[in-house]
Amino acid sequence: MTATTDNEATTSLHDVRRATQTFPLAGRAKDLVGSLIDSSTSLLASQSHDIVRFAMGSPADEAVPAEEFRQIAGEILDNSSFTYGATEGEPRLLQLLVDYLATTPDPSSHERLVITTGGMQGLDLACKLFVDPGDLVVVESPTYTNGSATALSYGAQLLEIPTDEDGMLVDQLEDLVSHTHKTPKAIYTIPTFQNPSGVTMSEERRRELLRLAHKWGSVIIDDDPYGLLRFAGTDIPTFQTLSPQDPLLFSVRTFSKILAPGWRVGWVDADPALRQLLINGKQAMDTCTNVPNQHIVAEYIARGGLEDHLAGLRTLYRERKDAMVESIRTHLGDRVTTTDPEGGFFLWVTLQGEFAEIDTRELFERALADGVAFIPGPALSPGGRFRNAMRLCFASSTPARIDEGIRRLTGTLETMAREAG
């Protein structure tokens, strides 16, 4: 983290302590840990110099069909778009989503779907339904810490499970769980093109995770924002394919990575017996997801461009992933190791050799000053692990900018290595 970020973190911690002393806060308030990932948006906006942005997991500006969205908004928004909507989602969007999912490996039905305000609301609803204070929740390590932070906000005890190139080390899960003297209430996983590592869980491990979930009666919270963005390799059966209509599967999806994050439109796919509870829980949050945004997303799907759009994204992101891998090979060589994902947005880079002792939180400070931003590894572990690792997003930068960013990052690393002497 930068000195600025460290100061902000110290100030935030001071504010939290002062709030705890001043206000009659609920016990859960102490577990509202926030997100360094999301905070980086404000941090980067405050910078005045040129920065290559590998930090936020956001689609490329040119990958968002903004002109089509503007045209659709001008043509279809009317009075019905500016009033309250059904909590479970606008009927047209739900029907179009059911129709679209019928063309994918994971078909669904109206009674299984609820439209959410982005994927994060889906995760919040999952934790609201399933997590009591003190419950054990399994998470991958590293993981998307916005998800683990949501579990913490409901009082969860987190158990981090290591990952490798085939995803969560499910063969270690049973033993690690046994040491807690609890059984997991929920297992949070990003199985396909994982955030932050980019790796994909193998079919064998998915089957074993399903077996353990059934043994324990644990809900699998299946967070998959990237599954439609495979640009290489072959599809691996999803949990829904391996165990259709499974009541212990709670699937969280979003349009953020395939259309635009600013829409804040996603959905959950869950057992029909949960639907009214999901509606009740959502009504206690926001009444309904943004209605104009639902109307625009529905019309975009109705006009038939989604599959062509996805095909374009896959081509674009493969080019950018390949460019980042090649640039890292050219500039950093064997001083780092990196994952090589077949889809999604991210590479996970681990420092080794002469760089092995560099803490990526300190690197972030220096690199930001040198014009490149990323997410340090400890921000992607509830326990602050992976001090020698970082997440790089390849999706939002052109190949030329990617190479410039990796060149800047290399220069910063080399300077820090020399200074460490």
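Everything here concerns the structure above.
Values in this document were obtained by computation on a predicted structure and should not be read as measured data.

> Explain the overall build of the protein here, please?
What the protein contains, in helices and strands, is 14 helices and 14 strands. The C-alpha atoms of the protein give a radius of gyration of 21 Å, which matches the 22 Å a tight globule of 421 residues would have. For the protein, the spread of C-alpha atoms along the principal axes amounts to about 60 × 55 × 50 Å. Across the 421 residues in the protein, those meeting the buried criterion constitute 54%. The contacts of the protein with a sequence gap of at least 6 include a subset with a gap of at least 24, amounting to 76%. Total accessible area on the protein stands at roughly 18000 Å², and carbon and sulfur atoms take up 51% of it. Of note, the protein has its 38 positive side-chain charges centred 3 Å away from the centre of its 58 negative side-chain charges.

> Looking at this structure, how should I read the layout of surface pockets?
The space that makes up the second largest pocket amounts to roughly 700 Å³. Those elements that place two or more of their residues in the lining of the second largest pocket are α4 (91-101), α9 (239-242), β8 (249-254), β9 (266-269) and α12 (306-331). Per element, the largest residue contribution to the lining of the second largest pocket is three residues, and it comes from β8. Considering only residue class, the lining of the second largest pocket consists of 14 nonpolar, 11 polar and 11 charged.

> Quick question: what am I supposed to make of the nonpolar core here?
Generally speaking, nonpolar side chains in soluble globular proteins are found buried as a group. Formed by 74 residues in total, the largest nonpolar core has its most connected members in Phe255, Leu259, Tyr317, Ile328 and Leu392. Per-element tally for this core: the top contributor is α12, with eight residues. Core analysis: the next-biggest nonpolar cluster, separate from the first, contains 24 residues, Ala126, Cys127, Ala151 and Leu274 among them.

> How should I be thinking about empty space enclosed by the protein in this particular structure?
The method is simple in principle: a probe with the dimensions of a water molecule rolls over the atoms, and the space it marks as empty is what remains. Taken as a whole and judged by the stated rule, the model has three cavities of 30 Å³ or more. Here the largest cavity defines a volume of roughly 60 Å³. Contributing to the lining of the largest cavity are Leu123, Cys127, Val137, Val139, Gly147, Ser148, Ala151, Tyr188 and Ile221. Those elements that place two or more of their residues in the lining of the largest cavity are α5 (118-130), β3 (136-141) and α6 (145-153). Broken down by element, the lining of the largest cavity gets its largest block of residues, three residues, from α6. The residue makeup of the lining of the largest cavity, split by class, is seven nonpolar, two polar and no charged. Taken as a whole, the second largest cavity encloses approximately 40 Å³ of empty space. Leu97, Tyr100, Leu228, Phe255, Ile258, Trp267, Ile301 and Leu306 are the residues that line the second largest cavity. When its residues are assigned to classes, the lining of the second largest cavity shows eight nonpolar, no polar and no charged.

Thresholds applied
Residues numbered from 1 in each chain as written. Predicted model: local features only at pLDDT ≥ 70, side-chain atom pairs only at ≥ 80, totals over all residues. Heavy atoms only, no water. Helix = DSSP H or I, 4+ residues; strand = E, 2+ residues; numbered from the N terminus. Rg over C-alpha atoms; globule rule 2.2 N^0.38 Å. Buried < 20%, exposed > 50% of the residue type's maximum accessible area, 1.4 Å probe, protein only. Contact = heavy atoms within 4.5 Å. Areas by Shrake-Rupley, 256 points an atom, 1.4 Å probe, with all protein chains shown as cover. Lys, Arg positive; Asp, Glu negative; His and termini not counted. Charge placed at Lys NZ, Arg CZ, Asp CG, Glu CD. 1 Å grid on protein atoms, 1.4 Å probe; cavity = no way out; pocket = protein on both sides within 12 Å on 5 of 7 lines; lining within 4 Å. Points joined across faces, edges and corners; volume = space filled by probe spheres on them. Nonpolar A, V, L, I, M, F, W, Y, C, P; charged D, E, K, R; others polar. Core = buried A, V, L, I, M, F, W, Y, C linked by side-chain atoms within 4.5 Å.

Just geometry here; none of it tells us what the structure is for.
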